[in-house]
Amino acid sequence: MTALDASLAVRLDGFDLDVALRREHGVTAVLGPNGSGKTTALKALAGLHTLESGHVRVAGTTWADARTHLPPEARSVGMVLADPLLFPHLTLLDNVAFGPRSRGMPRAAARSRAAEELGRVGLAELTGRRPSQVSQGQAQRAALARALATDPALLLLDEPLSALDPQTRSVTRADLSHRLRDYAGVTVLVTHDPLDALTLADHLLFLEGGRVVQSGTPAEIVARPRSPYVAGVVGLNLVHGRLAGGGPPRLALAGGAELVVAEVPADARPGDELLATVNPAAVTLFTERPEASARNLWHLEVAAVTVTGQRARVRLHGVPGVELVAEVTLPAVAQLGVTVGTRLWAGVKATEVEVYPA
Ligand SMILES: Nc1ncnc2c1ncn2[C@@H]1O[C@H](COP(=O)(O)OP(=O)(O)OP(=O)(O)O)[C@@H](O)[C@H]1O
């Protein structure tokens, strides 16, 4: 039996959502640009939006369809938002016991269940503290314990780590991952962070404009992103073009430029639409036009530079159809004199390009 079988058609004022999601178990990360419908999808699962059409079935029970709309409190759902939203006047133990208590569990049993859940997220020592007496990361772990204390069939996480500082975030991400591994239900995680998606989820669902543009395992998505947004999330350059006829295998890009590649799909014919990915680390930058050049060489302008750790990502544009991110070391940034507006030669070897059908 599919644990979660959802077909969500929701109509808001000026926005339509149409998303299907079937999962047996595990963690699905929902990603997409701002306003793509991620939170709307989560709210529809929780019962906070009424479906225009479609259904929500969880563990064999219908929560919503043409005739049914179970209210949120009648759904077996646990929810964690960016803000832990704990009751400030209650201890962590009483916060977590609140859920099972309000579902009719006797007080002693609910408190013992709460203590067990807090222990599972590493808060056994802090059960008597109030939310103001614990750190942000601890409060968020308590919120997770509270969400799981009622044994929900569906766990909904909406940007659960986004309010945490980077260090707390990485520790809390590891705790979350550990706890989710033991959770038997289905988890749907809304996030903007590729790291959350790739480390916590076994399935990714990308939304754009209220529709699913791509879904699959992280490995499938990384191997073949299908939109510039998806490619950006997994850190790759995506190029769209048509297979050119004659000469070496290459793609004709929208603005007239070409991308020479080593291989194309066996059944591709000239004129077929193809997608190609290039790893930013495989884009080489030069101040002067190199003599022994890579097969693909463009003279581009630096549009933006961002630094992560010891490496910089340099966004380049200026040739129609060619927008590239190059990843280079910090010494290379200094050597090349990279700043916004600098013009550089960018080279990509044909063998570094992965091509697949659009
Ligand atoms: N209650 C509502 N009534 C009308 N429109 C809404 C309502 N809630 C959201 N919207 C609109 O629906 C669209 C999708 O919003 P949603 O919050 O689901 O996006 P999101 O992908 O979660 O975005 P973000 O990443 O910014 O949180 C947006 O255009 C938003 O303005």
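Small disclaimer: the values here were computed from a predicted structure and weren't measured.

The rules behind each value
What you see as residue numbers is a count from 1 along each chain, following the sequence as written. Given that the model is predicted, a residue must reach a pLDDT of at least 70 before its local features are reported, and side-chain atom pairs must reach 80 or more before they are shown or counted; all residues, however, enter totals for whole chains, interfaces and linings. A run of DSSP states H or I qualifies as a helix once it reaches four residues; a run of E qualifies as a strand once it reaches two. Both are numbered from the N-terminal end. Residue burial here comes from a neighbour count, namely the number of other C-beta atoms, placed from the backbone, that lie within 10 Å of the residue's own C-beta, with 20 or more meaning buried, 12 or fewer meaning exposed, and in between meaning partly exposed. In this description, any two residues whose backbone-derived C-beta atoms lie within 7 Å of each other are considered to be in contact. For two strands to pair, DSSP has to find at least two bridges joining them. Angles run from 0 to 180 degrees between N-to-C directions of axes, and those axes are lines fitted to C-alpha atoms, restricted for helices to the stretch in contact. By convention here, the domain bounds are inherited from an automatic or database domain assignment. What a helix is expected to span follows from its residue count: subtract one and scale by 1.5 Å. Near, for a residue, is defined by distance from a backbone-placed C-beta atom to a molecule or strand, with 6 Å as the limit that must not be exceeded. Gly counts as polar in this scheme, as do all residues outside two lists: the nonpolar Ala, Val, Leu, Ile, Met, Phe, Trp, Tyr, Cys and Pro, and the charged Asp, Glu, Lys and Arg. Joined through C-beta atoms within 7 Å, a set of buried Ala, Val, Leu, Ile, Met, Phe, Trp, Tyr and Cys residues constitutes a nonpolar core.

## Considerations on the overall build of the chain
Here is step 1 of the chain: Along its length, the chain carries 9 helices and 20 strands.
Here is step 2 of the chain: On the principal axes, the C-alpha backbone points of the chain span a range of 80 × 50 × 35 Å.
Here is step 3 of the chain: Counting only residues that meet the buried cut, the chain has 37% of its 358 residues in that class.
Here is step 4 of the chain: Considering only contacts in the chain between residues 6 or more positions apart, those separated by 24 or more positions represent 64%.

## Details of the sheet that holds strand β13 (residues 258–260)
Here is step 1 of the chain: In space, the 5 strands of this open sheet follow the order β13-β12-β11-β14-β20, with antiparallel pairing throughout. The open sheet has two edge strands, β13 and β20 (353–357), and neither has a second partner. Neighbour-to-neighbour, the strand axes of the sheet open up by a mean angle of 40 degrees, direction not taken into account.
Here is step 2 of the chain: With 5 bridges connecting them, strand β14 (residues 273–278) and β20 associate as antiparallel partners. Pairing of Val278 across the sheet is with Val353, part of β20.

## Observations regarding the domain arrangement of the chain
Here is step 1 of the chain: Under the domain assignment, the chain is made up of domain 1 (4–227) and domain 2 (236–357).
Here is step 2 of the chain: Centre-to-centre separation of domain 1 and domain 2, based on C-alpha positions: 38 Å.

## A look at the sheet that holds strand β15 (residues 284–286)
Here is step 1 of the chain: Judged by pairing direction, the sheet is antiparallel, and its 5 strands sit side by side in the order β15-β19-β16-β17-β18 without closing on themselves. Either end of the sheet is taken by a strand with one partner, and the two such strands are β15 and β18 (322–329). Across this sheet, the average inter-strand angle for adjacent strands is 45 degrees, counted without regard to direction.
Here is step 2 of the chain: Where strand β16 (residues 296–308) meets strand β17 (residues 311–319), 7 bridges bridge the pair, whose relative direction is antiparallel. Residue pairing for β17: Glu301 is matched across the bridge by His317.

## Focus: helix α4 (residues 136–148)
Here is step 1 of the chain: Its 13 residues give α4 an end-to-end C-alpha distance of 19 Å, which sits within 8% of 18 Å, the value for a rise of 1.5 Å per residue.
Here is step 2 of the chain: In terms of residue burial, α4 counts as a mostly covered element, since 12 of its 13 residues are buried.
Here is step 3 of the chain: Considered for burial, the residues of α4 that qualify are Gly137, Gln138, Ala139, Gln140, Arg141, Ala142, Ala143, Leu144, Ala145, Arg146, Ala147 and Leu148.
Here is step 4 of the chain: In the core, the buried residues of α4 are packed alongside β6 (77–80), α2 (92–102), α3 (107–120), β7 (154–158) and α5 (166–181).

## Some words on the site of the ligand
Here is step 1 of the chain: Around the ligand sit Leu12, Asp13, Phe15, Gly32, Asn34, Gly35, Ser36, Gly37, Lys38, Thr39 and Thr40, and those are all the residues in its vicinity.
Here is step 2 of the chain: A per-element tally of the shell around the ligand places helix α1 (residues 38–46) first, with 3 residues.
Here is step 3 of the chain: Per-class residue counts for the shell around the ligand are 2 nonpolar, 7 polar and 2 charged.

## Thoughts on α2
Here is step 1 of the chain: Listed in full, the buried residues belonging to α2 are Leu92, Leu93, Asn95, Val96, Ala97, Gly99 and Pro100.
Here is step 2 of the chain: Gly104 lies just past α2 and shows a positive phi near 95 degrees.

## What to know about the nonpolar core
Here is step 1 of the chain: Ranked by size, the top nonpolar core spans 90 residues in total, and within it Leu45 and Leu156 carry the most contacts.
Here is step 2 of the chain: Among the elements that make up this core, the one with the highest residue count is α4 (7 residues).
Here is step 3 of the chain: Residues in contact with Leu156, not counting those within four places in the same chain, are Leu42, Leu45, Ala46, Val77, Met79 and Val188.

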